[in-house]
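Descriptive structure summary
Take a look at the letters that make up each chain.
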Amino acid sequence: MSNNKRTTDSGIEIKPVYTLSDTQSLTELPGEFPFTRGVQPDMYRGKLWTMRQYAGFSTAEESNKRYHYLLSQGVSGLSVAFDLPTQIGYDSDHALAEGEVGKVGVAIDSIEDMQRLFDGIKLEDVSTSMTINATGYILLSLYVALAKQQGADLKKISGTIQNDILKEYAARGTYIYPPKPSMRIITDIFEWCSKELPKWNTISISGYHIREAGSTAVQEIAFTLSNGKAYVEAALKKGLDINVFGKRLSFFFNAHNNLFEEVAKFRAARRMWAKMMKELGATDPKAMMLRFHTQTGGSTLTAQQPQNNISRVTIQTLAAVLGGTQSLHTNGFDEALSLPTEEAARIALRTQQIVAFESGVVDTVDPLAGSYFIENLTNEVEQKAWELISKIDAMGGSVSAIEQGFIQDEIARSAYEYQRGIESGEKIIVGVNKFTMNETNNTPIFKIDDSIRAVQSERLAQLRNSRNADSAKTSLENISTAAKDGSNLMPHVITAVENKCTLGEISDELRKVFGEYR
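Residues numbered from 1 in each chain as written. Predicted model: local features only at pLDDT ≥ 70, side-chain atom pairs only at ≥ 80, totals over all residues. Heavy atoms only, no water.

**Considering the nonpolar core**
A general feature of soluble globular proteins is that nonpolar side chains tend to end up buried together. If you look at the biggest cluster of nonpolar residues, it comprises 135 residues, and the most contacted ones within it are M114, F118, M130, Y137 and I506. In this structure M130 touches V80, F82, M114, L139, L140, Y143, T160, I161, Q162 and W200, once residues within four positions along its chain are discounted. One finds F57, V101, A107 and I448 within the second-largest nonpolar core, a separate group that totals 6 residues. (Core = buried A, V, L, I, M, F, W, Y, C linked by side-chain atoms within 4.5 Å. Buried < 20%, exposed > 50% of the residue type's maximum accessible area, 1.4 Å probe, protein only. Contact = heavy atoms within 4.5 Å.)

Structure (structure tokens):
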């Protein structure tokens, strides 16, 4: 065996051999604090993870067709992707929306679009995840308004809004308002849902985009858990009960190719969050559980030899399942080229189903537990993540660390080092810097038609002409008043969407009060 040094992607040194002396005795059981081994005592023997395929493009009708197709193929939860104008609070007919309508997700401007999006789907029967942040409060209001129209029992409605604005400032960029009013909107959602929508996950604290921006696995959990802590502290300041809202916090992580480090990362994150919540005052074990959704790594997909991505996604699926995820989206092999085609989406779903029903990895809980290497690596990842968290705490927490640019700089440095490793050939990416070939790419590409903006604009004009103008105007004024006097925004936003106010109008109302973050 050669003596060359090996490290994980986070730079943790890997020894050639691990023995009993490298690990502590493992007495803990799954389903028990601090949940290193999983949040359920029986994990996937009791219930498989939710197989969710992220989809949304073009118009609500087109996305609706894809949802019906995915439901027919065995997905157990929907996951909605929204276009950029929807994410940053502009209607499709706004000048800044030009060229972006329906491109990276579906365009949703009003309650009528929401009706088309879920046509033929009973909201009581599905769990829906919505990747939406700055306008999360509006999309949740639209979903609630639609559920009410369907006659659903709001106590039975389940799903998640991402609603994690801190990682937008740090890594992704789809913010509207400054940090403080944004945090206020989020705690309004926590408060309203705890009373009216008890099964809804009010936030999905997201490491996914931090990792996509170039962080390491250690940074991904350190920055994500720090953000989580900031949300909890904001809710506590508002007088909310940690044992109530703590149960509805969920997380969203990435799965990359370094199989064992990823498994260790998921195990360490659960243990760290349990300790953190206990320190913040949680006494109910359910409020200390870190429940998470995983998506396979978009940034790991290559445009070169795209079929190789099927193997990458399989490794990442295994990492998420061996790490104990509650829900999973697998990327299509063609996503470095375009939005996934129907065939690529089907293969991605089948990858999950093959792992679930053919691999045997679901037959026992935490099957890698007790491995000298995994236990040692879990401890190493945890220790390095705590070191980063204590640096952030010393700066006054996540909001301050983001305002000072610390988190952004750390991510940028890791991204640079990773890229440098690829360019020097130290880090091998199959088909990119080794085992390359001259190829003509025949992979079919999914194209979005530019005429969608015209369709959406026409619909907006009809909506504004046909609604009761006075009711719409009053609804918007009530949102403005609530924003100024500090009362909960949610009931007013729900009334506004029921009165056919548009996403852009509601966002603008709060822009006037809160201003925009630059």
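**Topic: the environment of D22**
Mapped onto the fold, D22 is located in the loop between β2 (13–14) and α1 (43–46). By relative accessible area, D22 is classed as buried at 16%. In sequence terms D22 and S10 are 12 residues apart; their C-alpha atoms lie 19 Å from each other. Only 2.5 Å separates the side chain of D22 from the side chain of K15, close enough to count as a polar contact. (Helix = DSSP H or I, 4+ residues; strand = E, 2+ residues; numbered from the N terminus. Polar contact = N/O pair within 3.5 Å; in protein donor to acceptor, adjacent residues only side chain to side chain.)

**A word on the sheet that holds strand β3 (residues 50–55)**
Strand order in the open sheet made by the 9 strands is β7-β6-β5-β4-β3-β11-β10-β9-β8, with parallel pairing throughout. Two strands close off the open sheet at either side, each with one partner strand: β7 (200–201) and β8 (203–206). With 5 bridges joining them, strand β9 (residues 249–255) and strand β10 (residues 292–296) adopt parallel strand pairing. Its bridge partner being in β10, F251 is matched across the sheet by F292. Docked against the sheet, helix α14 (residues 342–358) engages β3 and β11 (327–329), running at close to 170° with respect to β3. (Pairing = 2+ DSSP bridges. Axes fitted to C-alpha atoms, helices over the stretch in contact; angles between N-to-C directions.)

**Some remarks on the packing of aromatic side chains**
We describe a pair of aromatic rings using the distance from one ring centre to the other and the angle between the two ring planes. For the coordinates displayed, the defined rule picks out 18 aromatic pairs. Ring geometry for Y18 and F373: centres 4.9 Å apart, planes at 40°, overall tilted. Residue Y18 is located in the loop between β2 and α1, and its partner F373 is located in helix α15 (residues 372–394); the two are separated by 355 residues in the primary sequence. The residues Y18 and F373 share a single accessibility class, namely buried. (Phe/Tyr/Trp six-rings, centres within 6.5 Å; stacked < 30°, edge-to-face > 60°.)

**What to know about helix α7 (residues 179–196)**
Given 3.6 residues per turn, any residue in an α-helix points the same way as the ones three and four places further on. Taking 1.5 Å as the rise per residue, α7 with 18 residues should run 26 Å; its terminal C-alpha atoms sit 26 Å apart, in good agreement. For α7, the buried fraction is high: 13 of the 18 residues fall into the buried class. (Expected span 1.5 Å × (residues − 1).)

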